[in-house]
Amino acid sequence: MKLFRPEEECGVFGIYGHPEAANLTYLGLYALQHRGQESCGIVSSDGTGLHAHKRMGLVADVFGNQKVFEKLPGKAAIGHVRYSTAGASVEKNVQPIMVDYSRGSIAVAHNGNLVNANLLKAELEAYGSIFQTTMDTEIIIHLLAISRTHSLVERIGDALNRVKGAYCLLFLTESRMIAVRDPHGFRPLCLGKLGDGWVVASESCALDLIEAEFVREVEPGEMLIFTKDGQMQSLFPFKKIEPTPCIFEFVYFARPDSNIFGKNVYQVRKELGRQLAREYKVDADVVIAVPDSGVPAAMGYAEEAGIPFELGLIRNHYVGRTFIEPAQSIRHFGVKIKLNPVRELLEGKRVVVIDDSIVRGTTSRKIVKMVRNAGAKEVHMRISSPPTSYPCFYGIDTPNRKELISSSHTLDEIRRYITADTLGYLSEEGLVKATGLKHSFCTACFTGEYPINFPMPSQIPQMGLFSKDEEYIEQ
Ligand code: AMP
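Reading guide: rules and limits
Residues numbered from 1 in each chain as written. Predicted model: local features only at pLDDT ≥ 70, side-chain atom pairs only at ≥ 80, totals over all residues. Heavy atoms only, no water. Near = heavy atom within 4 Å. Polar contact = N/O pair within 3.5 Å; in protein donor to acceptor, adjacent residues only side chain to side chain. Areas by Shrake-Rupley, 256 points an atom, 1.4 Å probe, with all protein chains shown as cover. Nonpolar A, V, L, I, M, F, W, Y, C, P; charged D, E, K, R; others polar. 1 Å grid on protein atoms, 1.4 Å probe; cavity = no way out; pocket = protein on both sides within 12 Å on 5 of 7 lines; lining within 4 Å. Points joined across faces, edges and corners; volume = space filled by probe spheres on them. Helix = DSSP H or I, 4+ residues; strand = E, 2+ residues; numbered from the N terminus. Buried < 20%, exposed > 50% of the residue type's maximum accessible area, 1.4 Å probe, protein only. Contact = heavy atoms within 4.5 Å. UniProt positions renumbered as here; feature names shortened; annotations may be inferred.

1. Focus on the site of the ligand
Next, step 1: Near the ligand, the surroundings consist of 16 residues, among which Tyr252, Asp355, Asp356, Gly361 and Thr363 are the closest.
Next, step 2: Contacts to the ligand include Tyr252, whose side-chain N or O atom sits 2.7 Å from a nitrogen atom.
Next, step 3: Thr362 has a polar backbone atom sitting 3.4 Å from an oxygen atom of the ligand.
Next, step 4: Protein contacts shield 95% of the accessible area of the ligand, which totals 500 Å² for the unbound molecule.
Next, step 5: Class assignment for the residues of the shell around the ligand results in 6 nonpolar, 5 polar and 5 charged.

2. Notes on empty space enclosed by the protein
Next, step 1: Counted under the stated rule, the structure contains 2 cavities of 30 Å³ or more.
Next, step 2: Partitioning the lining of the second largest cavity into residue classes produces 9 nonpolar, no polar and 1 charged.

3. Description of the side chain of Thr244
Next, step 1: Mapping Thr244 onto the fold places it in the loop between strand S13 (232-235) and helix H8 (248-253).
Next, step 2: For Thr244, a relative accessible area of 9% corresponds to the buried category.

4. Quick notes on the environment of Val68
Next, step 1: Counting through the fold element by element, Val68 comes out in helix H3 (residues 67-70).
Next, step 2: Separated by 45 residues in sequence, Val68 and Asn23 have C-alpha atoms that sit 9.8 Å apart.
Next, step 3: Beyond its immediate chain neighbours, meaning those up to four positions away, Val68 contacts His53, Val62 and Phe63.

5. Concerning the UniProt feature "active site" (unreviewed entry) in the chain
Next, step 1: Here, UniProt's "active site" (unreviewed entry) annotation points to Cys10.
Next, step 2: Examined against the element boundaries, Cys10 turns out to sit in strand S1 (residues 10-16).
Next, step 3: Cys10 sits in the buried class, given a relative accessible area of 0%.

Here's what the structure looks like:
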């Protein structure tokens, strides 16, 4: 059996009841491009059938030709942007998935990662299911196709009660759009209104772009059903549990102009920086950020510490996120392509450099060197999250455990590796406190406390149901 690879960072967008559905979905995906740059797709419904356009590539490239939209008619559409690990980066895995089955056509777009996918797949294959993709999302389609319940809503509820993990899902049929957020609420999902139409998006920045009004967040465990009469129905088909939204969305992943989990991301990031300054103050002349994700935290740090903030590293905006590049060789070169120091701001100075996280340590090491080469007298690295020591199984792309520098190195070893004069990470308590929110979070990447137990402990080499390197069978 070929095992599934985790479905990595993604963004979803859907609109129901608007004459410009596909065009607006294109814009929505544009705003969500930071959540996945590998492939994208849109499926529209004109009331009688579903129409799809999906390819590998960036939104602007895949949908750059206006003619594409002539093939996406109708007043409803769902879209998806995706990034996944290298081996699974194939055309057949581009979402939304669209199928015809005994009860009609259905398309689905998924953000998140199911942790019992391989167990369910083995079970389904034993009963004769044939899988066309290596995406865990396809499991959901198979489960709803075999469900013995009558309505689509029941079938979706039935299927989702069997899967475990993180999911924000958008389903589209000829007549309906359905949005579901998993009971843990790992990934963000919000609801908006545009004229008579309804909009659902991973992040509120997508609503802003199309000038839709933000209505509210989709609740953890909530299913929203949009129907032709313009109505929206809300159901809670799962057992209620304590939600655990992903704190890393605040740290790095979401866009700072988005509001997620009840808070504005920029303000939370700034507070992370303030808290970091309270925890790891240092005598210095200037605070700089690793752009773009480190900027709000650096501003907060500078404010709290009373040290001037400067744009000491300038980013070339025409280069994607270096981490996203699948080949290690490109990633090494990438930092230099992406960032250049402003010597005049750094020469002879004691510099505090703020980044949001250290994963393998490659970026920090290069940046410290870069800042020193630009004449800095001292370089103090400050990280606005705790050490990333554990892989994520719920939809953030983190390498396996042995590649995470903090899983096997002490603070001082990491400091020496990145060649900084001092190194300080935000504490776990400081991180949660800085969100200003009372509810629980998934902090598994920092603490190793996974909110969902994995089945099949025999398949857990180190941490989870599978190790990304060891257990996946290459395609
Ligand atoms: P590394 O060089 O492996 O230590 O990566 C650290 C850099 O990657 C930091 O500058 C982060 O902003 C960024 N980063 C952290 N997590 C992710 C992720 N899941 N996807 C892309 N970039 C990330």
